[in-house]
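Topology and contacts: notes
The lines below spell out each chain.
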Amino acid sequence: MGKSGERFQKVYSQGVISMMEIWVDTVTGVNYLFHRDGNAAGFTPLLRSDGKPVITAPEGPEL
């Protein structure tokens, strides 16, 4: 799991009211896009141009 023991880690954030964030699943490495605009929000896998999910390699063990 991530450094803080959480399953998901936020790696990018943009905006305040209309907000976009990228989260990484620390177990699978899959990246997710979260978008919120007012009261509406969505969370979906971030996809490459070939339709496969963007995967971040897991970090090695902390020394």
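Residues numbered from 1 in each chain as written. Predicted model: local features only at pLDDT ≥ 70, side-chain atom pairs only at ≥ 80, totals over all residues. Heavy atoms only, no water.

1. Notes on the environment of Gly38
Applied cut-off: Numbering of helices and strands starts at the N terminus; helices are DSSP runs of H or I of at least 4 residues and strands are runs of E of at least 2. Each residue is placed in one exposure class: buried if its accessible area under a 1.4 Å probe, protein chains only, is under 20% of its type's maximum, exposed if it is over 50%, and partly exposed if it falls in between.
Summarising the element assignment, Gly38 is placed in the loop between β3 (31-37) and β4 (40-45). Residue Gly38 is classed as partly exposed on the basis of its relative accessible area, which comes to 41%.

2. A short note on the pairing of β4
Formally: When DSSP finds two or more bridges between two strands, those strands count as paired.
Sheet topology places β3 next to β4; six bridges connect them, and they run antiparallel. Residue pairing in the sheet places Leu33 in a bridge with Thr44 of β4. Connecting β3 to the next strand, β4, in antiparallel fashion are two residues, including Gly38 with a positive phi near 70°.

3. Considerations on the sheet that holds β4
Backbone-to-backbone hydrogen bonds pair the strands of a sheet. The strands run either parallel or antiparallel. In plain terms, the rule: Angles here are taken between N-to-C directions and fall from 0 to 180 degrees, while the axes themselves are lines fitted to C-alpha atoms, restricted in helices to the stretch in contact.
In spatial order, the strands read β1-β2-β3-β4; together these four strands make up an open sheet with antiparallel pairing. Every interior strand has two partners, whereas the edge strands, β1 (8-14) and β4, have only one. On average, adjacent strands in this sheet sit at an angle of 20° to one another, irrespective of strand direction. In terms of strand pairing, strand β2 (residues 18-25) meets β3 through seven bridges, oriented antiparallel.

4. Focus on the packing of aromatic side chains
For the record, the criterion: Working definition: a ring pair exists when centres of Phe, Tyr or Trp rings (six-membered ring for Trp) sit within 6.5 Å. Plane angles under 30 degrees give stacked, over 60 give edge-to-face, the rest tilted.
Going through the model one piece at a time under the given rule, you end up with four aromatic pairs. Measuring from ring centre to ring centre gives 5.9 Å for Phe8 and Tyr32, while their planes differ by 70°; the resulting arrangement is edge-to-face. Here the residue Phe8 occupies a position in strand β1, and Tyr32 occupies one in strand β3, the gap between them amounting to 24 residues. With a relative accessible area of 32%, Phe8 lands in the partly exposed category. Relative to Phe43, the ring of Phe34 has its centre 6.4 Å away and its plane inclined at 55°; by these criteria the two rings are tilted. Each residue in the set Phe8, Tyr32, Phe34 and Phe43 is aromatic and connected to the rest through ring pairs, giving one cluster.

5. Notes on the pairing of β2
In terms of strand pairing, β1 meets β2 through six bridges, oriented antiparallel. Residue pairing across strands places Lys10 opposite Trp23, the latter belonging to β2. Here β1 hands over to β2 after three residues, with Gly15 in that stretch at a positive phi of 90°. The antiparallel pairing of β2 with β3 creates a hairpin that spans five residues between the two strands, and Gly29 there sits at a positive phi of about 85°.

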